[in-house]
Amino acid sequence: MTLQQEIVGTAMQMAVVSLQPGQTVYCEAGKFLFKTANVTMETRLSGPSGGGGQPQAGAAGAGGAGGTGGGMGGMLRQGMGTAMQVGQRALAGESLAFQYFTSTGGEGTVGFAGVLPGEMRALELDGTRAWFAEKDAFVAAESTVEFGIAFQGGRTGRSGGEGFVLEKFTGRGTVIIAGAGNFIDLNPADFGGRVDVDTGCVVAFEEGIRYGVQRVGGLNRQGVMNAVFGGEGLSLATLEGNGSVILQSLTIESLANALRKAQGGDKQGPTGGLFSTNAG
C-alpha cells in the first residue's frame, strides 16, 4: 500500500500523511506535529523489523512446557534484538524510541516535520537499493521500511565528524527525510565520478555511492591556509560512483555560528575553520 503524503510549506516544510484504515507510519521521537482523532499513537523502543513491542505469534497462549519454552525463548530473542537496536541508536546519538501511528475506523491524517528550517523529501524504496542519510535526517516512514544505523570505518568517521554515523533505510515503501536550507540533487557520475563537499552538507545518498572523508590539502602552506582560513576545518566528504546524492545548502555549524553572532557571542573569530568552536 503506497503511502499517500504531501509536503507543504516553504522555509519550514512539513509532511501531511494520509493513512488508509490499518496502515501504519512511524517517526523518530520529536518529529510528530498533529493527528486526527481516529489515528492511534504508540511509542516503542524497537523499529518495525524488531517486533515493535507486539507479541510474537505463538508467544501468548502457549500451552505445556514445550509451548512455554518456545514463548519464553521468543520473548528473550525479541528483547535482545530490541536492546541491540536501542544500544546502536544510543551510540549514534539518535532518539531511543519511535512513535507509531495507525489509522482506525477510516482514513486518518498525521503531520510531521524536521527540526531545522529547510526542505523535506519523500524517497521511494523498491527493495533493490538502500538509502543512507546523515544523523537527524529521518522524519517518518511506512512500517514496511526498516530503519538501521550504519557505522562508517573508524578512521574515516573520526576524521569527518558528521560522517561517522549514518541512518540506513531498507525494504519497500516511503521514507521521508529533512534537511537544512535548500536541497541540491546531483550524481557524481555527471562530474567525473567524484565530488568533494563540506561534511555537513551531505543529507542522503543511494546505496552504491562510496562515501569517505579526506584531509583538505596536504601538510603544506596551502593546506594549512585552507584548514585555518577557509572555514572548512581539516576534512571534506568525498562521494564517488553513479547514483543519486542529496546535499543541503545550510549546515548546522553555519547556522549555529550565525545565531551566535546575532546574540553577540561569536566564538569563531576572524579566521574561522580550524579555530572555530562549537562551544555555547
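Analysis parameters
In every chain, residue numbers begin from 1 and rise along the written sequence. It should be noted that, the model being predicted, local features are given only for residues of pLDDT at least 70 and side-chain atom pairs only at 80 or more, the latter also being counted only at that level, while totals for whole chains, interfaces and linings use all residues. Side-chain numbers here rest on the full set of heavy atoms in the structure, without hydrogens or water. Secondary structure elements are taken from DSSP: a helix is a run of H or I of four residues or more, a strand is a run of E of two residues or more, and numbering for both begins at the N terminus. By definition in these notes, contact holds between two residues if any of their heavy atoms fall within 4.5 Å. Surface accessibility in these figures is a Shrake-Rupley result with a 1.4 Å probe; residues are shielded only by whichever protein chains are displayed. Pairs of strands are assigned from DSSP output, requiring at least two bridges between the strands. Note on geometry: axes are lines fitted to C-alpha atoms, helical ones only across the stretch in contact, with angles between N-to-C directions running from 0 to 180 degrees. Among buried residues, the Ala, Val, Leu, Ile, Met, Phe, Trp, Tyr and Cys ones that are joined through side-chain atoms within 4.5 Å form a nonpolar core. Burial classes: relative accessible area under 20% of the type maximum marks a residue as buried, over 50% as exposed, and values in between as partly exposed (1.4 Å probe, protein chains only). What pLDDT reports is the predictor's confidence in each residue, on a scale of 0 through 100. We call Phe, Tyr and Trp rings a pair once their centres come within 6.5 Å, taking the six-membered ring for Trp, and we label the pair stacked below 30 degrees between planes, edge-to-face above 60, and tilted otherwise. By definition, being over a ring means that NZ of Lys or CZ of Arg is both within 6 Å of the ring centre and within 35 degrees of the ring normal. Salt bridge, as used here: a side-chain nitrogen of Lys or Arg that lies within 4 Å of a carboxyl oxygen of Asp or Glu. Pairing of N or O atoms within 3.5 Å defines a polar contact, subject to two protein rules: one partner must be a possible hydrogen donor and the other a possible acceptor, and residues neighboring in sequence count only if both atoms are side-chain atoms.

> Tell me about the overall build of the chain, and name the residues and values.
Each helix and strand counted, the chain has four helices and 18 strands in total. Of all intrachain contacts in the chain linking residues separated by at least 6 positions in sequence, the fraction that spans at least 24 positions is 78%. With an accessible surface of roughly 13700 Å², the chain has 55% of that area assigned to carbon and sulfur atoms.

> Tell me about the sheet that holds strand E7 (residues 108-113), and please be specific about residues and values.
Strand order across the open sheet formed by four strands is E1-E2-E7-E4, with antiparallel pairing between neighbours. A strand with exactly one partner marks an edge of an open sheet, and here the two such strands are strand E1 (4-8) and strand E4 (32-35). Pairwise comparison of adjacent strand axes, ignoring direction, gives a mean angle of 20 degrees for this sheet. Bridge count for strand E2 (residues 14-19) against E7 is six bridges, and the pairing is antiparallel. If you follow methionine 14 over to E7, its bridge partner there is alanine 113.

> Lay out the nonpolar core with the relevant residues and their values.
By size, the foremost hydrophobic cluster in this structure holds 21 residues, and its most contacted members are Tyr26, Phe138, Phe169, Val175 and Ile177. Listing elements by their share of this core, those giving two or more residues are strand E6 (98-103), strand E8 (120-126), strand E9 (131-134), strand E10 (138-142), strand E11 (145-151), strand E12 (165-178) and strand E15 (202-206). Per-element accounting of this core gives the leading share, four residues, to E12. One finds Val25, Val110, Val139 and Ala140 within the second-largest nonpolar core, a separate group that totals 15 residues.

> Would you mind going over the sheet that holds strand E17 (residues 235-240) in detail, with residue names and values included?
On the basis of which strands lie adjacent, the open sheet formed by three strands has the order E14-E17-E16 and antiparallel pairing. Strands at the two margins of the open sheet, each flanked by one partner only, are strand E14 (194-197) and strand E16 (210-215). On average, each strand axis in the sheet is inclined to that of its neighbour by 25 degrees, with strand direction left out of account. Where E14 meets E17, four bridges bridge the pair, whose relative direction is antiparallel. Considered in E17, the bridge of arginine 194 is made with glutamate 240.

> So what's going on with the confidence of the model for the chain? Which residues, and what values?
Of all residues in the chain, 66% have pLDDT values of 70 or greater, and the mean over the chain is 78. Segment residues 153-163: pLDDT under 50, and 16 contacts once partners within four positions in sequence are set aside and those in other chains are kept. Low confidence marks residues 270-275, where pLDDT is under 50. Its contacts with residues over four positions away, or in another chain, come to 16 contacts.

> Give a description of the packing of aromatic side chains that names residues and reports values.
This model, assessed by the stated rule, comprises 12 aromatic pairs. Taking 5.5 Å as the distance between ring centres and 10 degrees as the angle between the ring planes, the aromatic pair formed by phenylalanine 205 and tyrosine 211 counts as stacked. Relative accessible area serves as the criterion here: at 10%, tyrosine 211 is assigned to the buried category. An aromatic cluster is defined as three or more aromatic residues linked by ring pairs; in this entry it consists of Tyr26, Phe98, Tyr100, Phe138, Phe147 and Phe169. Note that arginine 44 overlies the ring of tyrosine 100, its terminal NZ or CZ placed 3.8 Å from the centroid.

> Residue-level account of the pattern of salt bridges, with values.
Counted according to the given criterion, the structure contains five salt bridges. With a closest N to O distance of 3.3 Å, glutamate 42 and arginine 44 form a salt bridge. When the shortest N-O distance is used, the salt bridge between arginine 194 and aspartate 196 registers 2.9 Å.

> Just give me the short version of the environment of leucine 45, but keep the residues and values in it.
When you line up the elements, leucine 45 lands in the loop between strand E5 (39-44) and helix H1 (65-92). In this structure, the C-alpha to C-alpha distance between leucine 45 and serine 95, residues 50 residues apart in sequence, is 9.4 Å.

> Which residues make up unusual backbone geometry, and what values do they have?
With phi around 75 degrees, aspartate 136 is a residue other than glycine that occupies positive phi space. Along the chain, the position of aspartate 136 falls in the loop between E9 and E10.

> Summarise the pairing of strand E18 (residues 245-248); cite the residues concerned and give the values.
On a regular strand, one side chain projects to one face of the sheet and the next to the other, so that they alternate. Burial along E18 is two-sided: Val245 and Leu247 facing one way and Ile246 and Gln248 facing the other are all buried. Relative to E18, strand E13 (residues 183-186) runs antiparallel, the two sharing four bridges. Bridging across to E18, phenylalanine 183 finds its partner in glutamine 248. Pairing between E15 and E18: three bridges, direction antiparallel.

> Break down the side chain of threonine 174 for me, with residues and values.
Its location among the elements puts threonine 174 in strand E12. A distance of 2.9 Å separates a polar atom in the side chain of threonine 174 from a polar atom in the side chain of glutamate 124. If we skip the residues at most four places from it in the chain, threonine 174 touches Leu3, Ala122, Leu123, Glu124, Ala140, Ala141, Glu142 and Val145.

> Report on the environment of leucine 19, specifying residues and quantitative values.
One can find leucine 19 in strand E2. The exposure class assigned to leucine 19 is buried, which follows from its relative accessible area of 0%. Distance from leucine 19 to glutamate 142, taken between C-alpha atoms, is 9.9 Å for residues 123 residues apart in sequence. If sequence neighbours within four positions are ignored, leucine 19 has contacts with Leu3, Val25, Val39, Phe101, Thr102, Ser103, Gly106, Glu107, Gly108 and Val110.

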